[in-house]
Amino acid sequence: MMTSAEKVKYPRKRHYRQRAHSNPLSDHSFEYPVSPQTMDWTQLYPRFKETDQVKFCDIGCGYGGLLVTLSPLYPDKYMVGFEIRVKVSDYVNDRFLALRQENDVYHNAGVVRTNAMKYLPNFFRKGQLEKMFILYPDPHFKKCKHKWRIVSEGLLAEYAHVLAVGGLVYTVSDVKEVHDWMVSHFTSFPLFEEYQPPPEDKAAQVLIGSTEEGKKVLRNKGESWTAIFRRIEDPYCSEE
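Residues numbered from 1 in each chain as written. Predicted model: local features only at pLDDT ≥ 70, side-chain atom pairs only at ≥ 80, totals over all residues. Heavy atoms only, no water.

S.K.: Account for the overall build of the protein chain, with residues named and values stated.
M.R.: From N to C terminus, the protein chain includes eight helices and seven strands. Counting over 240 residues, the protein chain shows a buried share of 49%. Residue pairs in contact within the protein chain that sit at least 24 positions apart in sequence constitute 82% of those at least 6 positions apart. As displayed, the protein chain offers around 12,700 Å² of accessible surface, 50% of which is attributable to carbon and sulfur atoms. (Helix = DSSP H or I, 4+ residues; strand = E, 2+ residues; numbered from the N terminus. Buried < 20%, exposed > 50% of the residue type's maximum accessible area, 1.4 Å probe, protein only. Contact = heavy atoms within 4.5 Å. Areas by Shrake-Rupley, 256 points an atom, 1.4 Å probe, with all protein chains shown as cover.)

S.K.: Give a description of the layout of surface pockets that names residues and reports values.
M.R.: Taken as a whole, the second largest pocket holds about 270 Å³ of empty space. What lines the second largest pocket is a set of 14 residues, among which Glu31, Tyr32, Met39, Gln43 and Val112 lie closest to the centre. At three residues, the largest contribution of residues to the lining of the second largest pocket is made by strand β3 (residues 109-113). Here the lining of the second largest pocket is composed, by residue class, of eight nonpolar, three polar and three charged. (1 Å grid on protein atoms, 1.4 Å probe; cavity = no way out; pocket = protein on both sides within 12 Å on 5 of 7 lines; lining within 4 Å. Points joined across faces, edges and corners; volume = space filled by probe spheres on them. Nonpolar A, V, L, I, M, F, W, Y, C, P; charged D, E, K, R; others polar.)

S.K.: Residues and numbers for empty space enclosed by the protein, please.
M.R.: Under the counting rule described, the total for this entry stands at one cavity of 30 Å³ or more. The computed volume of the largest cavity comes to approximately 40 Å³. Contributing to the lining of the largest cavity are Pro137, Asp138, Arg149, Ile150, Val151, Val178, Trp181 and Met182. The class makeup of the residues in the lining of the largest cavity is six nonpolar, no polar and two charged.

S.K.: Account for the nonpolar core, with residues named and values stated.
M.R.: Core analysis: the biggest nonpolar cluster contains 43 residues, and Trp41, Val80, Phe82, Phe124, Tyr159 and Phe192 have the highest contact counts within it. Elements supplying a minimum of two residues to this core: β1 (54-59), β2 (78-83), α3 (116-123), β4 (129-135), α4 (153-162), β5 (163-173), α5 (176-188) and β7 (225-231). Residues contacting Val80, with those up to four places away along its chain left out, are Trp41, Leu44, Tyr45, Val54, Phe56, Cys57, Asp58, Leu67, Gly110, Val111, Val112 and Phe124. Leu70, Tyr74, Met79 and Tyr136 belong to the second-largest nonpolar core, a separate cluster that totals 28 residues. (Core = buried A, V, L, I, M, F, W, Y, C linked by side-chain atoms within 4.5 Å.)

S.K.: Which residues make up the side chain of Thr171, and what values do they have?
M.R.: Tracing the backbone through its elements, the reader meets Thr171 in strand β5. A polar contact is formed between the side chain of Thr171 and the backbone oxygen of Ala227, at a distance of 2.8 Å. Those residues in contact with Thr171, other than ones at most four positions away along the chain, are Ile134, Leu135, Met182, Phe186, Trp225, Thr226, Ala227 and Phe229. (Polar contact = N/O pair within 3.5 Å; in protein donor to acceptor, adjacent residues only side chain to side chain.)

S.K.: How would you sum up helix α8 (residues 212-219)? Please name residues and give values.
M.R.: Of all the residues in α8, the buried ones are Glu212, Gly214 and Val217. Buried residues in α8 make contact with α1 (65-73), α2 (86-102) and α7 (207-210). Following α8 by one or two positions, Lys221 adopts a phi angle in the positive range, close to 55°.

S.K.: Describe the pairing of β4, naming the residues involved and giving the relevant values.
M.R.: Of all seven residues in β4, six are buried; the element is thus mostly enclosed. For β4 and β5, the ladder comprises six bridges, and the chain directions are parallel. When the sheet's bridge partners are listed, Leu135 is paired in β5 with Val172. (Pairing = 2+ DSSP bridges.)

S.K.: Describe the packing of α1 against α2, and please don't skip the residues or the numbers.
M.R.: Running from N to C, α1 and α2 point in directions that differ by 30°, and their axes come no closer than 11 Å. Between α1 and α2, the angle falls in the class roughly parallel. For α1 against α2, the interelement crossing comes out right-handed. Here Gly65, Leu67 and Val68 of α1 come into contact with α2, specifically with Arg95, Phe96 and Leu99. Of the residues belonging to the contact of α1 with α2, the class tally is four nonpolar, one polar and one charged. (Axes fitted to C-alpha atoms, helices over the stretch in contact; angles between N-to-C directions. Parallel < 35°, antiparallel > 145°, perpendicular 65-115°, else oblique. Left-handed = near helix turned anticlockwise from the far one by under 90°.)

In C-alpha cells form, the structure reads like this:
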C-alpha cells in the first residue's frame, strides 16, 4: 500500500485499445493449465494459499468493472475474469496492480487471458465455482455466427460441470433477442433453473451499473435484461 505522498498511476484505456469483438473459434495463442490441479493461482493473487480456491468467474470480463465492484463486496472470495483480447486483459491486470498499491483490497481479484469456450474445464474442478457472470456478451447477430455465442447447449454442459450445485449464473444483455436466447438455452437445459435471488444478494444488485458496457447503456438511456439461473442436482446421477 502506497503512502499519501506517492501517487498511483492508473492505466488508461486509450493505451490498450483493441477491436470490440474477437472470433472465439480462431486459433489464438494461449497458455493454459493441463488440468485444474496444475493451475498456479499464486501468480494472480499475492495472498493465495494452497487451501484457497477461486469461487467466482466473470466470463468475458472486458475492462474489469464488475470485478472491481465485487472484490470489496466479497473480500473472502477469490474471483477471476476471463478475457480473450490481449490488450484488454493487460489493462485489467494493470488496473488491479494499481488498485492494490492504493488500497488494502483487490487482492482477491485477477484476470486471465484465455478462451472460456475452449479451456474453462482446464482451470476449474468439478463443482468448484459458486458464481459465474455473463454480462453483455457479444451478440453475434448473424445466424452463421450464432455458434460464436458464449451460451450454447455444449457450453452449458461445461458450466454445469464447474458450478457447484446451488451455484448461480448471472446474465445481462442489452439485446432482447440475446437475452431470450440465453433464457431459452438455460431453462431448457436439465441442470439449470431460472432463479429469483433474495434482496441480500449483493452481486445481483450491481450487475448493470458496474460494467463499462452497462454504464454506457445507462448513459444512453437504453434497456438491459437480467436473468439468473441456479445449478440444480442431476436427477439421474447423485453428486459425488
